[in-house]
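As a plain string of letters, each chain reads:
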Amino acid sequence: MEGKHNSEKLSWFYESGVYSFDDSNAVFVDSVRVLNRFYHRFSVSPSIYYSRFFKTQTTLNPVSPTVTSSLAKRKRKRKEPRALNERELIAVQRHQESRPLLLAAHECLLKSTEVLNALKALKSESSCSARECEGGQRSFVNLGHVTPQLEVTLSLRLSDTDADSHPLPSDLQDFPSVQCCEQKVVRAFNNLVANDTQDDAVAEILCNRYIIPRESCFYMSDLGQIRNLIPAHADSGFNLIMVDPPWENASAHQKSRYQTLPNKYFLSLPIKQLTHTKGALVALWVTNREKLRSFVERELFPAWGVSYAATFYWLKVKENGSLICDLDLFHHRPYECLILGYSPGKVNKTDNLSQFKPVKNDRVIMSIPGDYSRKPPIADLLVEHVPGLKPPRCIDLFAREILAGWVAWGNEPLYFQDSKYFVKKIDQC
């Protein structure tokens, strides 16, 4: 019976991308499998999504004597460790409290031969039944100010019954299996651009192509325009609100990848106004800096009118199942936190969480990280806790990719939709 049970779980993992460990609060998420459930003619390649950890190891060049000498001098200059301040001590305490459950979750993964074997096979999965798409990264951060009237051409695949009235444009005939298509030209910025079909759409801006999943839309703007997304009626609001703020980061490496904002700007996010009448589950991504954790608890959630519900942990692993770095590194932990809370809406004007379904605390989500700032798609793990509508109305704030069925808002919602991150599906190798 146990063998049959494990076989069924593995089969479900291959289908859904989510593997739940028995007698544990831990799950493993294969982000690529999850995302590819929502694409028909395109797919995300594991070797592209997980490129940070799938790169071939290269032989390092010998270190010159000058560099060796410089490193030695640096080593001699190292000072004795200083005493931790109050905030750092709190961070250490939080880490020590979460450490046992993170280790227990990781142990579940290391003991799961089925999942580890599936991870080893990820590299080869994109070598068949797909061809790489051409693409090139373009930054939209400043284009909205320079060319606010920039347009996007959206090519929507229609049902076969509309084929005669909507012939395929010649420049899309090489794209996979497009039978008929309607093209729309709309404003790219400060405008809700929607793919309301049941199929992938192709958006073109300045000769770059972006793949838009089914039944999704994006609103590309700066923070000053976010209030345009507030629905006219609260019963048209959202009941799942994901927020991934561009927290300030001292790392120059991170600053070069995306713009950050001071914490005070996040206080003005209109979470209450975006919330559905029956309430919303708010999921906020936070790094391990104690300054941010304290800010969320003392200022941000109160300003939003959100009541704390639970904390999930995203534990980052490599393809062989090992952690991406030592668990106890002080300034670079191999995990991030997802803080969950409830926004009551107009029907439940109270901070009392009794009307909402309790969320089991300390859940550990393990996955191989994608590119910098890219979070795993974990909506499946949150839906059961979402109040109100089913399926839920979902919005992703500060989004850098678009999920099927979601509204994505930010100044770079198309970043990971660039065609270079996708492969075209073909029938045979």
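An unreviewed UniProt entry lists the chain under the name Methyltransferase-like protein 2, from Sphenostylis stenocarpa.

(A) Structural context of a nonpolar patch on the surface. Judged by side-chain polarity, Leu84, Leu89 and Phe330 come together as a nonpolar surface patch covering roughly 250 Å² of accessible area. By secondary structure assignment, the location of Leu84 is in the loop between helix 5 (65–77) and helix 6 (86–111).

(B) Examining the sheet that holds strand 7 (residues 192–195) more closely. Here we have 11 strands laid out as an open sheet, ordered 1-2-15-13-14-12-11-16-17-10-7, and mixed in their pairing. Every other strand in the sheet has two partners, leaving strand 1 (18–20) and strand 7 as the edge strands with one partner each. Ignoring strand direction, the axes of neighbouring strands in this sheet form an average angle of 20°. Bridge analysis of strand 10 (residues 216–220) against strand 17 (residues 406–410) gives 4 bridges, and the strand direction is parallel. Of the residues in strand 17, the one forming a bridge with Tyr219 is Trp409. Packing against the sheet, helix 6 makes contact with strand 2 (26–29), strand 13 (307–316), strand 14 (335–343) and strand 15 (363–367), and its axis sits at approximately 50° to strand 15.

(C) Region of the structure containing the confidence of the model for the chain. Mean pLDDT over the chain stands at 85; residues scoring 70 or higher make up 79%. Per-residue pLDDT stays below 50 along residues 57–68; that stretch engages in 1 contact with residues further than four places along the chain or on separate chains. Scored below 50 in pLDDT, residues 161–165 shows 2 contacts in the model against residues more than four places distant or in partner chains.

Criteria and thresholds
- Residues numbered from 1 in each chain as written.
- Predicted model: local features only at pLDDT ≥ 70, side-chain atom pairs only at ≥ 80, totals over all residues.
- Heavy atoms only, no water.
- Patch = residues over 30% accessible without salt bridge, like charges linked within 9 Å, V, L, I, M, F, W, Y side chains within 5 Å.
- Areas by Shrake-Rupley, 256 points an atom, 1.4 Å probe, with all protein chains shown as cover.
- Salt bridge = Lys/Arg side-chain N within 4 Å of Asp/Glu carboxyl O.
- Helix = DSSP H or I, 4+ residues; strand = E, 2+ residues; numbered from the N terminus.
- Pairing = 2+ DSSP bridges.
- Axes fitted to C-alpha atoms, helices over the stretch in contact; angles between N-to-C directions.
- Contact = heavy atoms within 4.5 Å.
- pLDDT = per-residue confidence, 0-100.

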